[in-house]
Every structure is written in C-alpha cells, then in structure tokens.
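If you want the building blocks of each chain, they are given just below.
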Amino acid sequence: MRILVLGGTSFVGRAIAADALHSGAEVTLFNRGRTNPGLFPEARHLLGDRDTGDYTALREGEWDAVVDVSGFRPREVDQAMDALGDRVGRYLFVSSHAVYRRGGLAPHSDESAPLRAPLRDAEELTEATYGRLKVACEQDVTARYGDRATIVRPGKVAGPYDEGRGLTYWVRRAARGGRIALPARPEQPVQVVDSRDLARLVLRLLQDERPGAFHAVGPAEPTTLGGLIATCAEVAGSEIEIVPVSPETAPPPFFPLVRAERLWPGQQRDPALARAAGLPATPLAVTAADVLAWDRGRGEPPLGHGFTPEQEARILAETDGR
C-alpha cells in the first residue's frame, strides 16, 4: 500500500508513519522538514508548507491513501485536496472530539452525536474556533471523496513523544511521589488513547477501506482521573496521596486532563465502532510506563503546564490550613 502522510514526524503522525512502515507500506511524508528531519530515512520525503499553501511537491505521484494529521483549517484541507485530486484512493482525516457540541451530551455517546456549527474563515486556533474549524474540514473531505473519505476522531492521545499537556504531566508527577494536588474530583472520568493504538486503527481503516467516522478513545477499561494517577504511581513504584484542591488554584487555560463536571460525558464516549474496526487496547499501565521511560530518557525538560513544585507546595499548605 502506498500511503501519503501530511505531517508524520511529530507525535500522532509519527506513530502512524512508524506503524505504516512496519506494516510494509510504501510511505511518503509531506511536511516542512523542520520537525525531526532525520526521522524515517526509509520513507520518501516531500517538502512543502501548508501555512503558505505550498503544495508544489504534491503535483506528481499517486497514492492508495492519504492520512491528514496536520489539517486544522478548511483552507489547508481544501488546498491539499485540490493538489491531490483523484491521485489518491482514500482520504483519511484525523479530526478531534472538539467537533461535538458540549451541551446536552449523555455518557456513552457515539459518532452520531450532534456536531458544532462549522467555521471556515478563522485562522487563529482557539477554544472557540478549533472544533468548528475541524467540523468544516470533515465536511469538505466527505463532500469531495464521499465513500472514499474516512474520519478518525481521537480523544486525548498519549504516548512517547507527546510534548503536550496530558498523561506526561501525571506520569512525571506521580513518579515523584508524595502528596499530589489535584484541582478536580478524583472520580472524574477520563479517556486517553495510546498513540500506537490510534496508528493501528488508522492503518486498519485504510487496509479495509472503511468509510465513515470513528471514535479513537481508550483505555479499554473505563477509568477515572484518580485511577489514572494511581496507575502512574504503580508503574513508577512510588507512594502517593491524592489531595483534591480547589479548581480555582489551577493555572489557566487548562490543567492536564482536568475537565469541568458539565463536560464529563465527553470523557465517556463509546469506542465500539472503532474497536470493531480494529482499534487495539493497550493497557494504561503499559502506556504510562512507556511515557515514563521516554520522558526520563529525554531528561524531563520543563512541560510548561500544570503546577510547578513550588506552586503545588503552596497550594497544599493553603489547603491544609483551611
């Protein structure tokens, strides 16, 4: 299978490219060549820039499928589709759970849950625009490719090479042990999907030529934020005490994996369709252990989110004094 990945060297795209190469696919990566430029020497590399609309490198070539992990605005997706035309068999777009409306959502919702209104004319990616832009991207891909369009909607993705907020923070914090300040209720549901499970789902969807939309969420067994932190501690062999603190103490805009109670149903989405299509179920402990090893191997650089040790110590002292 000939697969074109738009992106492919950062986190989610990296996992997809690695899985595709491991499966024996002929992989082409299209990106700016700035992120991990020496990665995947066995793949073909094409240089371009979606920010400026430079798709010159895609004017020639044919692929059985394209995986779009770097399309965030309809402009970017439409330009890619214009450049590729019918020289790709299937267009798989990696979307987001941010496409869904937040109000009135029930637990265990499937892919038919109501979407937010599409947005086409925004350039800045914010809480207000991101999901709506993704909705417009989904609509354009489906309109152009019909039954040759596949949409994957991941929840929070976790795994090695994840430099964003999420599991990496809690793995590192739990490994340090001691009293942990949690600006949320420990019983909050949480869903994270291993990046390698997401990649395997993408490849299976391409191989089986499945159209439609699919939730990519995990782990296999429902868990809570308190349970996730405890799993991270078990993996690290550390002793912890979770101390709920006021959410108002959390630095803006988001604390890793913490959600307001009204948004909890969004952490309880139904993965049945994706599981039936081949989404694996890596145990959370395995994902946490791999993230811990990767984070330690890179020297645990500053994350830029969550509590600093000094902030946490102060908040715990204030909580104890109440």
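Coordinates for the structure precede this section.
What comes next is a walk through the structure. (Residues numbered from 1 in each chain as written. Predicted model: local features only at pLDDT ≥ 70, side-chain atom pairs only at ≥ 80, totals over all residues. Heavy atoms only, no water.)

For the pair helix α2 (residues 74–84) and helix α3 (residues 130–145), the least separation of the axes is 8 Å and the interaxial angle reads 20°. What the angle tells us is that α2 and α3 run roughly parallel. With respect to the hand of their crossing, α2 and α3 are arranged in right-handed fashion. Listed contacts from α3 to Pro74, Val77, Asp78, Met81, Asp82 and Leu84 of α2 are Leu133, Ala136, Cys137, Asp140, Val141, Arg144 and Tyr145. Residue composition of the contact of α2 with α3, grouped by class: nine nonpolar, no polar and four charged. (Axes fitted to C-alpha atoms, helices over the stretch in contact; angles between N-to-C directions. Helix = DSSP H or I, 4+ residues; strand = E, 2+ residues; numbered from the N terminus. Parallel < 35°, antiparallel > 145°, perpendicular 65-115°, else oblique. Left-handed = near helix turned anticlockwise from the far one by under 90°. Contact = heavy atoms within 4.5 Å. Nonpolar A, V, L, I, M, F, W, Y, C, P; charged D, E, K, R; others polar.)

Let us now look at the nonpolar core. In terms of nonpolar packing, the biggest core is built from 35 residues, with Ile16, Val67 and Val202 touching the most fellow members. The contact partners of Val202, leaving out residues within four places of it in the chain, are Ile16, Val67, Leu92 and Val152. In this structure, Val190, Phe255, Val291 and Leu303 belong to the second largest nonpolar core, which totals 31 residues. (Core = buried A, V, L, I, M, F, W, Y, C linked by side-chain atoms within 4.5 Å. Buried < 20%, exposed > 50% of the residue type's maximum accessible area, 1.4 Å probe, protein only.)

On to empty space enclosed by the protein, then. Scanning the entire structure with this criterion turns up one cavity of 30 Å³ or more. What the largest cavity holds in volume is close to 70 Å³. Around the largest cavity, the lining comprises 13 residues; the ones closest to its centre are Val192, Val193, Asp194, Pro219 and Thr282. Residues of the lining of the largest cavity, tallied by class, amount to seven nonpolar, three polar and three charged. (1 Å grid on protein atoms, 1.4 Å probe; cavity = no way out; pocket = protein on both sides within 12 Å on 5 of 7 lines; lining within 4 Å. Points joined across faces, edges and corners; volume = space filled by probe spheres on them.)

To continue, consider the sheet that holds strand β5 (residues 88–94). Reading across from one edge, β3-β2-β1-β4-β5-β6-β11 is the order of the seven strands in this open sheet, with parallel pairing throughout. Of all strands in the sheet, those with a lone pairing partner are β3 (44–47) and β11 (212–216), marking the two edges. The average angle at which neighbouring strand axes cross in this sheet is 20°, direction not considered. Two strands pair when backbone bridges link them, and strand β6 (residues 149–154) and β11 are joined in this way by five bridges, in the parallel orientation. Looking across to β11, one finds that Ile151 is bridged to Ala213. (Pairing = 2+ DSSP bridges.)

Turning next to the layout of surface pockets. Computed from the structure, the second largest pocket encloses a volume of approximately 250 Å³. What lines the second largest pocket is a set of 18 residues, among which Gln191, Pro222, Gln267, Gln268 and Arg269 lie closest to the centre. Put simply, the parts of the chain that give the lining of the second largest pocket at least two residues each are β9 (189–190) and β12 (223–224). When grouped by side-chain class, the residues that make up the lining of the second largest pocket number seven nonpolar, seven polar and four charged.

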